[in-house]
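Letter by letter, the chains look like this.
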Amino acid sequence: MHQYDLINIKHSDFAQASSEMYRLLASRKGNFSLPQPLYNDPQMFKVDMQEIFQKEWIFVGMSCELPEKGDYIAVDIAQNSILIVRSAEGEIHAFHNVCRHRGSKLCDGQQGKVANLVCPYHQWTYDLKGNLLFAGSEMGDDFNMQDYGLKTVHCEVAGGFIFVCLAKGAAPDITPFAATLNEYMQPYDIENSKVALQSTIEEAANWKLVIENNRECYHCNASHPELLGSLLEFDDTNDPRVTSEFLAHYEKQSSAWDAEQIPHRHVSHGLANRVVRMPLKEGVEVMSIDGKASAKLMGRIKNPQLGSMRILHLPNSWNHMQSDHCVVFQVIPISAQKTLVTTKWLVHKDAIEGVDYQASQLRAVWDATNYQDKVLAERNQQGINSIGYQPGPYSETYEFGVINFIDWYSATVRKNIDNSYA
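Since this is a predicted model, take the numbers as computed values, not measurements.

K.L.:
Go over the environment of Lys194, please, and point to the residues and values.
P.N.:
Mapped onto the elements of the fold, Lys194 is located in strand β11 (residues 193–203). When the C-alpha positions of Lys194 and Val327 are compared, they lie 12 Å apart, and in sequence the two are 133 residues distant. Those residues in contact with Lys194 that lie beyond four places of it in its chain are Cys64, Trp345, Leu346, Val347, His348, Lys349 and Ala351. There is a polar contact of 2.8 Å between the side chain of Lys194 and the backbone oxygen of Ala351.

Laid out in structure tokens, this is it:
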């Protein structure tokens, strides 16, 4: 068989998978979990990567991870290595981590610092804005270096969060959510923070199961004793389960937040993006084992009882912003049944470990919770892989966050498939 025939078969297989995914999503029963193939089939996973992770905004890191010119981080998204670099002018840019000569990977590792971006293969050299500076005289007199700058990736920085979008054309409009992040993150001054701790775990589960697990606390009482030492499981003040005692607690805390000009009201931008500040349990300052904030609070914050500002960004991030530290989460799919979950703990840039914070105290709650969630997601995947699985109903009271995610996912995939074949 000719290689072109093989390519056509591959394209045909993908088109068939896209068509089947569209059919399954269009015919699925509302408020039920997804059909089995959407959780475990490699072809369906490829459709997810193309229609979600190569077309929507993906959270990749925090601006404080690039404090100086030449600092970079690298993130793999759907087999695409992306470089995020701070330029000499202080701007943050994103590029495909691919040399324009013969396609070699430019930078290795997840983080580093460079004066310029130099390809290790033939030493083609790019500046921090992606412009080609050197390719050697071997390329001939007709070679125009301006034609061979690095391929750029859509990049947006808002409130210290860095997002990229791999769309070849225009990216979805992120402006309203970015404005909210800039406002709500202003008290934290993320540019003057640092990553104190980081962990990455691999979960043997589809990325959607990882997100679904995060979007409900129906499982919390049975699974998360450390987390419930500080967290009130209500999603926001509109949660159908809220009590009058909780609302009184919220009003008392929010009055103090208003006095300090700390934003806290619920703001949503569709089903994909949400910001809301919620109080923690009475007497608890932060989500640590002892519940006490350190002396070094972040940014302009003076009140240690800021609760947790929860930030949701679909498809791959949830976050908890507190008075003395922030915890940010990044989800990166690596196969149909494997997902990387990275957690970063941010503190004030001048905070000193062992003096201003204890690393073991800071990370204990989420280390425990992440491991517990890993077990839950993997057991979920194992059950879904069985021939005994069929989609089951979500609770509209306890799992409305999951329903919102699945509704967003279904609508987004179908929209992007429609646009692909328009």
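K.L.:
Tell me about helix α7 (residues 244–259), residues and numbers included.
P.N.:
Helix length check: α7 (16 residues) gives 23 Å between terminal C-alpha atoms against 22 Å at 1.5 Å per residue, within 8%. If you check which residues of α7 are buried, you get Phe246, His249, Tyr250, Gln253, Ser254 and Trp257. For α7, the buried positions fall inside an angular range of 125° around the axis, keeping them on one side. Opposite its buried face, α7 presents the exposed residues Ser244, Glu245, Lys252 and Ala259, each directed more than 90 degrees away.

K.L.:
So what's going on with the pattern of salt bridges? Which residues, and what values?
P.N.:
Within this structure, the stated rule accounts for 16 salt bridges. Across the salt bridge formed by Asp71 and Lys113, the nearest N and O atoms sit 3.3 Å from each other. Of this pair, Asp71 sits in strand β2 (residues 71–77) while Lys113 sits in strand β5 (residues 111–113), and the two are 42 residues apart along the sequence. In this structure Asp71 comes out as buried when scored by relative accessible area, which is 9%. Between Glu233 and Arg241 there is a salt bridge whose closest N-O contact spans 3.0 Å. Given the relative accessible area of 22%, Glu233 is considered partly exposed. Classification of Arg241 by relative accessible area gives buried; the value is 15%. Beyond isolated ion pairs, a larger network of salt bridges with shared partners links Glu68, Asp71 and Lys113.

K.L.:
Give a detailed account of the packing of aromatic side chains, specifying residues and quantitative values.
P.N.:
Scanning the model with the defined rule gives 18 aromatic pairs in all. Considering the side-chain rings of Trp124 and Phe143, the 5.6 Å spacing of their centres and the 65° angle between planes classify their relative orientation as edge-to-face. Of this pair, Trp124 sits in the loop between β6 (117–118) and β7 (125–126) while Phe143 sits in the loop between β8 (132–134) and β9 (154–158); the two residues are 19 residues apart in sequence, bridging distant segments of the chain. For Trp124, a relative accessible area of 3% gives the class buried. Their ring planes at 25° and their centres at 6.4 Å tell us that Phe405 and Trp408 sit as a pair that is stacked. Placement of both Phe405 and Trp408 in helix α9 (residues 400–420) is noted, with a separation of three residues, approximately one turn of the helix. In this structure, Phe405 and Trp408 share a single accessibility class: buried. One aromatic cluster in this structure is built from Phe53, Trp207, Phe405, Trp408 and Tyr409. A cation sits over an aromatic face here: Arg277 above Trp257, 5.9 Å from the ring centre. In this structure, Arg414 is placed above the aromatic ring of Tyr22, and the distance from its NZ or CZ to the ring centre is 5.4 Å.

Calculation criteria
- Sequence order as written defines the numbering, with residues in each chain counted from 1.
- Side-chain atom pairs in this predicted model are given and counted only at pLDDT of 80 or more, local residue features only at pLDDT of at least 70, and totals for whole chains, interfaces and linings cover all residues.
- Working from all heavy atoms in the structure, the side-chain values ignore hydrogens and water.
- Secondary structure elements are taken from DSSP: a helix is a run of H or I of four residues or more, a strand is a run of E of two residues or more, and numbering for both begins at the N terminus.
- Note on definitions: a residue-residue contact is assigned when non-hydrogen atoms from the two residues lie within 4.5 Å.
- Whenever two N or O atoms come within 3.5 Å, that pair is a polar contact, provided that in protein one can donate a hydrogen and the other can accept it, and provided that, for residues adjacent in sequence, both atoms are side-chain atoms.
- Helix span, as expected, comes to 1.5 Å for every residue beyond the first.
- Any residue under 20% of the maximum accessible area for its type is buried, any over 50% is exposed, and the rest in between are partly exposed; the area is computed with a 1.4 Å probe on protein chains only.
- As used here, the arc belongs to the directions running from the helix axis to the C-beta atoms.
- The rule for a salt bridge is simple: a side-chain nitrogen of Lys or Arg has to be within 4 Å of a carboxyl oxygen of Asp or Glu.
- Aromatic pairing here means that ring centres of Phe, Tyr or Trp (its six-membered ring) are within 6.5 Å. Orientation follows from the plane angle: under 30 degrees is stacked, over 60 is edge-to-face, and everything else is tilted.
- Placement of a positive charge over a ring is assigned whenever Lys NZ or Arg CZ falls within 6 Å of the ring centre and within 35 degrees of the normal to the ring plane.

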